[in-house]
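As a plain string of letters, each chain reads:
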Amino acid sequence: MVVFINDDWRNNRRYMACILVGQEKRLDPQENGLMNWAGDLMIVNEIVHILVAPPDILETALAKEAAEILNIDSYATHLLLSGKIPKLIGRYQSIAEAELIVKRLKTLGLVAIVLKDSELAESSVTRFRAHALKSGNSEVIFFDKGGQQNKLESKDVFLILKGKQQLSNEKDVTITSLKFNLTATVMTGGIPIWRKVKETIKGNLNEAGYFVRIYDPISTEPRVEFFENYFDFSSLGAKIAPSSSINLDSIITELRTVFPQARFDDRLTQPGTSMSSDKPVRDLELNCKFIYLYHQTVSISGQL
């Protein structure tokens, strides 16, 4: 069932055009209690989720109280509230039901957020992948491999997120092997002769590396992202080091100096945060989104 929001200027009020099994039906929002607008299009009865950030210290009493609110056993609650990454802890049929539970979880000091199911969908936005940068006093200009620029000022930078990712790239690999040369061996009177043979094959090159994503205060999509293994660190000048990891940390320090108001998060580099499912890329994208939403919520509410 899809609901379109329209304006009835004759009666000076809004109504909803409900398309259901090919028929249109007008629903007055005041009469039907449908007051949650989402731009010009809303999906009714969308599944919603609750996202909760684990506390720094998980006490038994806290886990027990949260278990009562969530109506699950204490052991399962303890697992959900452990670790470092915010987790989805439940799904509900209505926003009102989820918001009521979130309100109760917040009384325990937990950071809890209601998410619509559509907010978990994969983004189709093409990201700006930086290859180099140039820093100013209050701005940084990023360049991609094609020379396109993306300038960020202080107002554009809310969160600097560092993480670790396993990259898999298909590349042409040249393999050199030795093969026995029978003809040459016969000609030398039986002395074994070997020849080098080069063969080019396509293979997957798996490599782990750190990445950085920079977010503004509005969107869960990063404004800029760049990877340790594919970044030009020449802007560091005399401070450049033989290690790309050290250079990346120097770039992050530089960014935090230019944007001192920005939050910084590197929990995705810490032990125990690696992707263990069969969809590591999908999990990484969700974890980045969850961490961003955590910081956004805390920043707005001042909860912590």
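Every chain is numbered on its own, with residues counted from 1 as its sequence reads. A pLDDT threshold of at least 70 governs which residues receive local features in this predicted model, and a stricter bar of 80 or more applies before side-chain atom pairs are shown or counted, although totals over entire chains, interfaces and linings include all residues. No hydrogens and no water enter the side-chain calculation; it runs on all heavy atoms of the structure.

Run through the sheet that holds strand S9 (residues 139-143), naming residues and quoting values.
Strands are treated as partners if at least two bridges between them are detected by DSSP. A helix here means a DSSP run of H or I that spans at least four residues, while a strand means a run of E at least two residues long, and both kinds are numbered starting from the N terminus. Taken together, 3 strands build an open sheet; the order of strands is S8-S9-S10 and the sheet is antiparallel. Of all strands in the sheet, those with a lone pairing partner are strand S8 (132-135) and strand S10 (149-153), marking the two edges. Each strand of the sheet is rotated relative to its neighbour by a mean of 20°, with strand direction disregarded. Sheet topology note: the S8/S9 ladder contains 4 bridges and is antiparallel. Each bridged residue has a counterpart across the sheet, and for Leu-133 the counterpart in S9 is Phe-142. Whether two residues touch is decided by their heavy atoms; if any such pair falls within 4.5 Å, the residues are in contact. Axis definition: a line fitted to C-alpha atoms, limited for helices to the stretch in contact. Angles are taken between N-to-C directions and run from 0 to 180 degrees. Across the sheet, helix H6 (residues 244-258) lies against S8 and S9, angled at about 140° from S9, the strand it touches most.

An account of the packing of aromatic side chains is requested, with residue identities and associated values reported.
Only rings of Phe, Tyr and Trp enter the pairing, Trp through its six-membered ring, and a pair is recorded when the two centres are within 6.5 Å. The plane angle decides the type: under 30 degrees is stacked, over 60 is edge-to-face, the rest tilted. Applying the stated criterion across every chain yields a total of 6 aromatic pairs. Ring pairs connect the aromatic residues Phe-142, Phe-226, Phe-231 and Phe-233, which therefore count as one cluster. Here the guanidinium or amino end of Lys-162 rests over the ring plane of Tyr-210, the centre of that ring lying 4.7 Å away. Criterion for a charge above a ring: Arg CZ or Lys NZ at most 6 Å from the ring centre, at most 35 degrees from the ring normal. Lying across the ring of Tyr-294, Arg-267 places its NZ or CZ 5.1 Å from the centre.

Let's hear about the side chain of Thr-77: which residues, and what values?
Residue position: Thr-77 is located in helix H3 (residues 74-80). For Thr-77, a relative accessible area of 0% translates into the label buried. If sequence neighbours within four positions are ignored, Thr-77 has contacts with Ala-63, Ala-66, Ala-67, Leu-70 and Ile-72. Relative accessibility thresholds used throughout: buried, under 20% of the residue-type maximum; exposed, over 50%; partly exposed, between the two (1.4 Å probe, protein chains only).

Report on the pattern of salt bridges, specifying residues and quantitative values.
It is possible for side chains of opposite charge to pair when their charged atoms get near one another. Salt bridges are counted wherever a side-chain nitrogen of Lys or Arg sits within 4 Å of a carboxyl oxygen of Asp or Glu. Inspection of every chain in the model, using the stated rule, returns 13 salt bridges. Where Glu-285 meets Arg-213, a salt bridge forms, and the shortest distance between an N and an O atom there is 2.8 Å. With Glu-285 in helix H7 (residues 280-301) and Arg-213 in strand S12 (residues 194-215), the pair connects residues that are 72 residues apart, well separated along the chain. Classification of Glu-285 as partly exposed rests on a relative accessible area of 24%. What makes Arg-213 buried here is its relative accessible area of 2%. Taking the shortest distance from any N to any O, the salt bridge between Arg-267 and Asp-265 comes out at 2.7 Å. Overlapping salt bridges, with partners in common, bring together Arg-127, Arg-129, Arg-213, Glu-221, Glu-225 and Glu-285 in one network.

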